[in-house]
Amino acid sequence: MSPPVAPAGWSRWLVPPAALAVHLSIGQAYAWSVFKPPLESALGLSGTQSALPFQLGIVMLGLSAAFGGTLVERKGPRWAMTVALICFSSGFLLSALGAYTEQYWLIVFGYGFVGGVGLGIGYISPVSTLIKWFPDRPGMATGIAIMGFGGGALIASPWSAQMLQSFGTDSTGIALAFLVHGLSYAVFMSLGVLLVRVPRTEKPVEGAPSAFEGPQVTARSAVRTPQFWLLWLVLCMNVTAGIGILEKAAPMITDFFSGTSTPVSVSAAAGFVALLSAANMAGRIGWSSTSDLIGRKNIYRVYLGVGALMYALIALYGDSSKPLFVLCALVILSFYGGGFATVPAYLKDLFGTHQVGAIHGRLLTAWSTAGVLGPLIVNWIADRQESAGKHGSALYGLSFLIMIGLLVVGFVANELVRPVNARHHIPAPREAADVARQQPESA
């Protein structure tokens, strides 16, 4: 399948909706916490066990993005979106079978492994295409698309809760909910497959800079630079801090206020998950667009520094004020989303657009690591504290302190980022030849 080339006069503003069709679908992953309590009840699982499909999904996201990044660059966005559609939808169908037969390993395999591959390929499928369409505003362009991944749970969370209420929270009801998800997302993602196009030339907009302007670095060379690994650490720390709240959001807010005069109901907890998704989504477009104005390093100073302050406020005062808890969590999740949306533009600034999709895919192994670390830290510590007889906010105090430390580590790593040494740049004649080869003959 060759990349579909935009005809003359094609509007670049049709490409972000194509990306959104995929990202809004795969963003359902952020609503996994809605399924945790029913699965724990129906299949007799612990909190750590019910997090496993989500954790494996994030691991596979990073691995498939890393190993498939170069292939996505070569075969183009339509091929990548098609693979994502097949894997993500199939993951839900396998999970439906697993829930119906009460074979939990099949849910882990379907949602976590197969669906996770769809997550990774789908996530990186539009990134380099968007940067090439919008060389003048890369932060905004990637923010629009990646906003969809953050906002997917805004749709999926109440939708999933309503289905579980209608179908029931036993294994059969969960299976039906998984089945409807799989079929619905297959239809919606197909819109992105049909709509996506690549630009005809390296200057898709009159007056805009060339998509290949400035130093260019190959993916193989990029992973040998300290800049790549510093950004890997920055992303890993920021994601770990955000995903720790996100994965356990519904039970966490319930625990925090369980002993107060205003406990949080199940429906209110699902609403909190939706609010977090809205903040995650808004941060992806808002903060990444801001990075076009103030620079990538400065915006990451905000994500990591202010994020640590928000965690400190929750740890100290969160259980005494529901508005403070919610506000701080929303800010943390906006930074979490903003970090994802800004990192492709940060990579473009450092390494150019030549193989930015492949470089981005490799960097997402940081997400895989964080997808294990964040939920593991929060769930494992909460389980241990509960076994020790603690309850409420006391289940999370230690894990929040750990998150503050991780954000400080990320802040220091961001401060150490410098421009890439010229010895890693592609020589100009070779770069020109590569660019010429990338232009389709039909252009």
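Conventions we followed
Residues numbered from 1 in each chain as written. Predicted model: local features only at pLDDT ≥ 70, side-chain atom pairs only at ≥ 80, totals over all residues. Heavy atoms only, no water. Helix = DSSP H or I, 4+ residues; strand = E, 2+ residues; numbered from the N terminus. Rg over C-alpha atoms; globule rule 2.2 N^0.38 Å. Buried < 20%, exposed > 50% of the residue type's maximum accessible area, 1.4 Å probe, protein only. Contact = heavy atoms within 4.5 Å. Areas by Shrake-Rupley, 256 points an atom, 1.4 Å probe, with all protein chains shown as cover. Lys, Arg positive; Asp, Glu negative; His and termini not counted. Charge placed at Lys NZ, Arg CZ, Asp CG, Glu CD. 1 Å grid on protein atoms, 1.4 Å probe; cavity = no way out; pocket = protein on both sides within 12 Å on 5 of 7 lines; lining within 4 Å. Points joined across faces, edges and corners; volume = space filled by probe spheres on them. Nonpolar A, V, L, I, M, F, W, Y, C, P; charged D, E, K, R; others polar. Phe/Tyr/Trp six-rings, centres within 6.5 Å; stacked < 30°, edge-to-face > 60°. Lys NZ or Arg CZ within 6 Å of the ring centre and 35° of its normal. Axes fitted to C-alpha atoms, helices over the stretch in contact; angles between N-to-C directions. Parallel < 35°, antiparallel > 145°, perpendicular 65-115°, else oblique. Expected span 1.5 Å × (residues − 1).

Enquirer: Describe the overall build of the chain, with residues and values.
Expert: Along its length, the chain carries 19 helices and zero strands. Its C-alpha atoms give the chain a radius of gyration of 21 Å, near enough to 22 Å, the size a compact globule of 443 residues would have. Its C-alpha atoms put the chain at 65 × 45 × 30 Å along the principal axes. Burial analysis of the chain (443 residues in total) assigns 57% to the buried set. In the chain, once contacts between residues fewer than 6 apart in sequence are set aside, the share between residues at least 24 apart is 85%. Working note: accessible area of the chain is about 16300 Å², and carbon and sulfur atoms make up 66% of it. Separation between the mean location of the 26 positive side-chain charges and that of the 19 negative ones in the chain comes to 7 Å.

Enquirer: I'd like to hear about the side chain of Arg284, residue by residue, with values.
Expert: For Arg284, the position within the fold is in helix 13 (residues 266-294). Discounting chain neighbours no more than four positions away, the residues touching Arg284 are Tyr30, Tyr123, Gly143, Ile146, Met147, Phe149, Gly150, Tyr336, Gly337, Gly338, Phe340 and Ala341.

Enquirer: Go over empty space enclosed by the protein with me, naming the residues and quoting the values.
Expert: If you walk through the whole model with that rule in mind, you get three cavities of 30 Å³ or more. Put simply, the largest cavity is a space of about 50 Å³. Together, Asn238, Ala241, Gly242, Tyr303, Gly307, Tyr311, Ile332, Phe335, Tyr336 and Leu407 line the largest cavity. For the lining of the largest cavity, the elements supplying multiple residues, two or more each, are helix 11 (226-246), helix 14 (296-317) and helix 15 (322-351). The class makeup of the residues in the lining of the largest cavity is seven nonpolar, three polar and no charged. Reported here for the second largest cavity is a volume of approximately 40 Å³. Together, Phe88, Gly91, Phe92, Tyr111, Gly115, Gly116 and Leu119 line the second largest cavity. Elements supplying a minimum of two residues to the lining of the second largest cavity: helix 5 (77-101) and helix 6 (104-124).

Enquirer: Which residues make up the side chain of His360, and what values do they have?
Expert: The residue His360 is located in helix 16 (residues 356-363) in this model. Residues in contact with His360, not counting those within four places in the same chain, are Tyr123, Ile124, Val127, Val343, Pro344 and Leu347.

Enquirer: So what's going on with the packing of aromatic side chains? Residues and values would help.
Expert: Counted according to the given criterion, the structure contains 32 aromatic pairs. Look at Phe88 and Tyr185: their rings are 5.7 Å apart centre to centre, the planes differ by 55 degrees, and that puts the pair in the tilted class. With Phe88 in helix 5 and Tyr185 in helix 9 (residues 171-195), the pair connects residues that are 97 residues apart, well separated along the chain. Aromatic ring contacts, followed pair by pair, group Trp32, Phe35, Phe88, Phe92, Tyr111, Trp159, Phe178 and Tyr185 into a single cluster. Here the guanidinium or amino end of Lys322 rests over the ring plane of Phe257, the centre of that ring lying 5.4 Å away.

Enquirer: So what's going on with unusual backbone geometry? Residues and values would help.
Expert: Of note in the backbone geometry, Glu102 takes a positive phi value of approximately 60 degrees without being a glycine. For Glu102, a relative accessible area of 48% translates into the label partly exposed.

Enquirer: Describe the packing of helix 16 against helix 17 (residues 365-387), listing the residues and the values that go with them.
Expert: Axis separation between helix 16 and helix 17 bottoms out at 4 Å; the angle between their running directions is 20 degrees. When the interaxial angle is binned, helix 16 and helix 17 end up roughly parallel. Counted together, Gly361, Arg362 and Leu363 of helix 16 and Thr365, Ala366 and Trp367 of helix 17 form the full contact between these two elements.

Enquirer: Please set out helix 14 residue by residue, giving values where relevant.
Expert: A turn of α-helix holds 3.6 residues, and therefore any two residues three or four places apart point the same way. Spanning 22 residues, helix 14 covers 31 Å between terminal C-alpha atoms, matching the ideal 32 Å at 1.5 Å per step. Listed as buried for helix 14 are Arg296, Ile299, Tyr300, Tyr303, Leu304, Gly307, Ala308, Met310, Tyr311 and Ile314. The inward-facing, buried residues of helix 14 contact helix 8 (138-167), helix 11, helix 12 (249-256), helix 13, helix 15 and helix 18 (397-415).

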